[in-house]
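# Examination of the molecular architecture
So the chains spell out like this:
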Amino acid sequence: MRIVDLRIHSIAIADPPLRSSYGLHAPYALRTVIELVSDDNIVGIGETLGGDAIAQALVALKPKLIGLDPFQFTGALMPLIEAESPSTALERSQTMFVPGENPLDQDARLYSVLEIAALDLVGKALGKPACDLIGGRVRSKVPFSAYPFYKHAGGGGEGSDARVDEYGEALTPETLVAQVRQMIAAYGFKDIKFKTGVLDPEIEIETVRQLHRAFPDLPIRMDPNSAWTVETSLKVARALTRELGNGGYLEDPTAGMDNMAAVRKGMLAEGITTPLGSNVAVTSFGDLAECVAKDAVQVVLCDPHYWGGMRQIQHLGKICRTFGLGMSMHSNSHLGVSLMAMAHAAAATPHLTYACDTHYPWAQDQDEIVAGGRVPIKDGFVTIPERGGLGVELDHDQLARGRERYATCAYRKRDDVLEMRKHVDPNWQRVLPRW
Ligand code: GKR
Ligand code: MG
């Protein structure tokens, strides 16, 4: 089997005005969808982060892919996952500099989506689910968490494409709890990952307390994306010992490995054992030795889109287990193809110790590119379908609509600071730490 074509589709999907320490989500999130075509006309699909930079980098890679055997991807594309210096000019994954984000990740991101599409392709050729091609599943149902955000009113999209606001504004503890109630009623999640770093920490502490009162059995993790100083991080950890200690964790309270290590040390000195999670201080294999040596992070958030695909997630899980770290999974705004790649990676990774994050509840039916509509999340789980590859196909009409939205919208890369200035506060600055 040989690769004869790579089709690259830049799409835009409506995204509600969600807040984080980076700023405000734009009315559209950008994604890239690829189709890897074999000489026997089987098509493997993948979805990853969007915008012009990654699409151009994939176009540049295309000549190297043509003629490759999709069963031998790792060998052929090894330089992409083992790069010693950045060889592409991809934008950073977030609005702007994320403390700790490793530029060496850039090639891994390209490899990730290609590996996912290759696994889909060979899985379809063999009639075997992707998770069973990489050693086999350890679970057929993959747990995901509710992912509430402080949010302004609005459902995303613009002009005649403006969307119904399914969840409403949530800028207070009470409205945030109502948002989670609604999300859990719709999807049955059994864990809560809460994006914070937006309001004064006292309000966020109160929000977590109310969440815990409303859902006493559900583990809560809180992620302010490095918005706090070491002192503020300690203050929050102290205030929420019970609420976060109930099987949750505190994710990236502060920026950088040394500050994370200082938070951990301060917490342990006070007898607080809530783990610290990270997808900001630890973003690549190269960060792990320092992270372990300094005890800076106890739960690593993997992501098959960033770490080099599904097999690298299995390797990461093994390393985390060896060093006594937990492993969870990070998410960005995405559709069903990404959800399935995340689910397959999680299904085949024994050492996944937490439910995965997902932005999927924030995406809308109208934008879904999976044939047959949105992937079901039932009782908080995605079930691995007994079909080849990822188990989903593209709806080409929906894909064309996504391309059309991309062509007509004004967005080419994520810029949450600009959106904050346009819609909330013209003088807003991204200040880390803010509190
Ligand atoms: O969607 O605003 C967002 C999130 O803040 C996202 O960009 C983060 O990458 O969810 C992510 C996280 O866990 O840090
Ligand atoms: Mg995070």
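These remarks concern the structure in this document. Here the residue numbering is sequential within each chain, running from 1 through the sequence in written order. Working convention: letters from A go to chains and numbers from 1 go to ligands, in the order in which they are written. For a predicted model such as this one, the threshold for reporting local features is a pLDDT of at least 70, and the threshold for listing and counting side-chain atom pairs is 80 or more; totals across whole chains, interfaces and linings nevertheless cover every residue. Working from all heavy atoms in the structure, the side-chain values ignore hydrogens and water.

## With respect to the overall build of the chain
Which entries qualify depends on this criterion: Put simply, DSSP marks the helices as runs of H or I at least four residues long and the strands as runs of E at least two long, and each gets a number from the N terminus on. Working definition: with a 1.4 Å probe on protein chains only, accessible area under 20% of the residue-type maximum means buried, over 50% means exposed, and in between means partly exposed. Note on contacts: a residue pair qualifies if any of its non-hydrogen atoms lie within 4.5 Å across the two residues. Only the protein chains shown count as cover for residues, and all accessible areas are computed by the Shrake-Rupley method using a 1.4 Å probe. Positive charges come from Lys and Arg alone, negative charges from Asp and Glu alone, with His and the N- and C-terminal ends not counted. A charge is said to be at NZ when it belongs to Lys, at CZ for Arg, at CG for Asp and at CD for Glu.
Assigned secondary structure in the chain consists of 14 helices and 13 strands. The dimensions of the chain, computed from C-alpha atoms along their principal axes, are 60 × 50 × 40 Å. The proportion of buried residues among the 435 residues of the chain is 63%. Summarising the internal contacts of the chain: among those between residues at least 6 apart in sequence, 76% fall at separations of at least 24. With an accessible surface of roughly 15800 Å², the chain has 52% of that area assigned to carbon and sulfur atoms. In the chain, the 44 positive side-chain charges and the 54 negative ones have mean positions that sit 2 Å from each other.

## Overview of the state of the cysteines
We apply this condition: The disulfide criterion used throughout: a pair of cysteine sulfur atoms within 2.5 Å.
Taken as a whole and judged by the stated rule, the model has zero disulfides. Distance from the sulfur of Cys291, which forms no disulfide, to the nearest cysteine sulfur (Cys320) is 7.8 Å.

## Overview of the side chain of Ser20
The test is simple: We call two N or O atoms a polar contact when they sit within 3.5 Å, provided that within protein one can donate a hydrogen and the other can accept it, with sequence-adjacent residues counted only if both atoms are side-chain atoms.
Counting through the fold element by element, Ser20 comes out in strand β2 (residues 19-20). A relative accessible area of 4% means that Ser20 is categorised as buried. Polar side-chain contacts of Ser20 include one of 3.0 Å to the backbone nitrogen of Tyr22. Contact partners of Ser20, with chain neighbours within four places excluded, come to Lys195, Thr196, Gly197, Val198, Asn225 and Asp416.

## Here's the deal with the coordination of the magnesium ion (ligand 2)
Heads up, the condition is: Water is not part of the atom set, so a site may look incomplete; the donors themselves are N, O and S atoms within 2.8 Å of the metal, or 3.2 Å for Na, K and Ca.
Around the magnesium ion (ligand 2), the protein supplies Asp223 (OD), Glu251 (OE) and Asn279 (OD1) as donor atoms, at distances of 2.0 to 2.2 Å. Counting along the primary sequence, the residues that act as donors to the magnesium ion (ligand 2) give the motif D-x27-E-x27-N. On the criterion of sequence distance, the pair formed by Asp223 in strand β8 (residues 220-223) and Asn279 in the loop between β10 (276-278) and α10 (288-294) is long-range, its members being 56 residues apart. Residue classification places Asp223 among the buried residues on the basis of a relative accessible area of 0%.

## Structural notes on the nonpolar core
Under the convention used in this document: Put simply, a nonpolar core is a bunch of buried Ala, Val, Leu, Ile, Met, Phe, Trp, Tyr and Cys residues held in one set by side-chain atoms that sit within 4.5 Å of each other.
If you look at the biggest cluster of nonpolar residues, it comprises 118 residues, and the most contacted ones within it are Phe73 and Leu390. If we ignore the near neighbours within four places in the chain, the residues touching Leu390 are Ile45, Ile116, Asp120, Ala130, Met310, Val337, Met340, Ala341, His344 and Pro385. The next biggest cluster of nonpolar side chains, apart from the first, holds seven residues, and it includes Ala12, Tyr406, Cys409 and Tyr411.

## Re unusual backbone geometry
Residue Pro433 is reached from Leu432 by a cis peptide bond, and omega for that bond is -5°. Among the secondary structure elements, Pro433 is positioned in the segment after α14 (416-423).

## Regarding the sheet that holds strand β5 (residues 43-49)
The line we're drawing: Between any two strands, at least two bridges found by DSSP are needed for them to pair. The axes are straight lines fitted to the C-alpha atoms, using for helices just the contacting stretch, and the angles between their N-to-C directions are given from 0 to 180°.
Spatially, β1-β4-β5 is the arrangement adopted by the three strands of the open sheet, whose pairing is antiparallel. One side of each edge strand has no neighbouring strand; the edge strands of this open sheet are β1 (3-14) and β5. Taken over all neighbouring pairs, the strand axes of this sheet differ in orientation by 20° on average, direction set aside. Across seven bridges, strand β4 (residues 28-38) lies against β5 in antiparallel orientation. Looking across to β5, one finds that Leu36 is bridged to Gly44. Helix-sheet contacts for helix α1 (residues 52-65) involve β1, β4 and β5, and the interaxial angle to β1 is about 170°. Relative to the sheet, helix α13 (residues 396-408) contacts β1 and β4, its axis offset from that of β1 by approximately 65°.

## Brief notes about the packing of aromatic side chains
Describing an aromatic ring pair means giving the distance of the ring centres and the angle of the ring planes. What counts, and what does not: By convention, a stacked pair of Phe, Tyr or Trp rings (six-membered ring in the case of Trp) has centres within 6.5 Å and planes under 30 degrees apart, an edge-to-face pair has planes over 60 apart, and any other such pair is tilted.
One pass over the full model with this rule turns up eight aromatic pairs. Aromatic pair Phe149 and Trp362: ring centres 6.2 Å apart, planes at 90°, arrangement edge-to-face. Separated by 213 residues along the polypeptide, Phe149 in the loop between β6 (141-143) and α5 (173-187) and Trp362 in the loop between α12 (336-347) and β13 (381-383) bring together distant segments of the chain. Three or more aromatic residues joined by ring pairs form one cluster here, namely Tyr147, Phe149, Tyr167 and Trp362.

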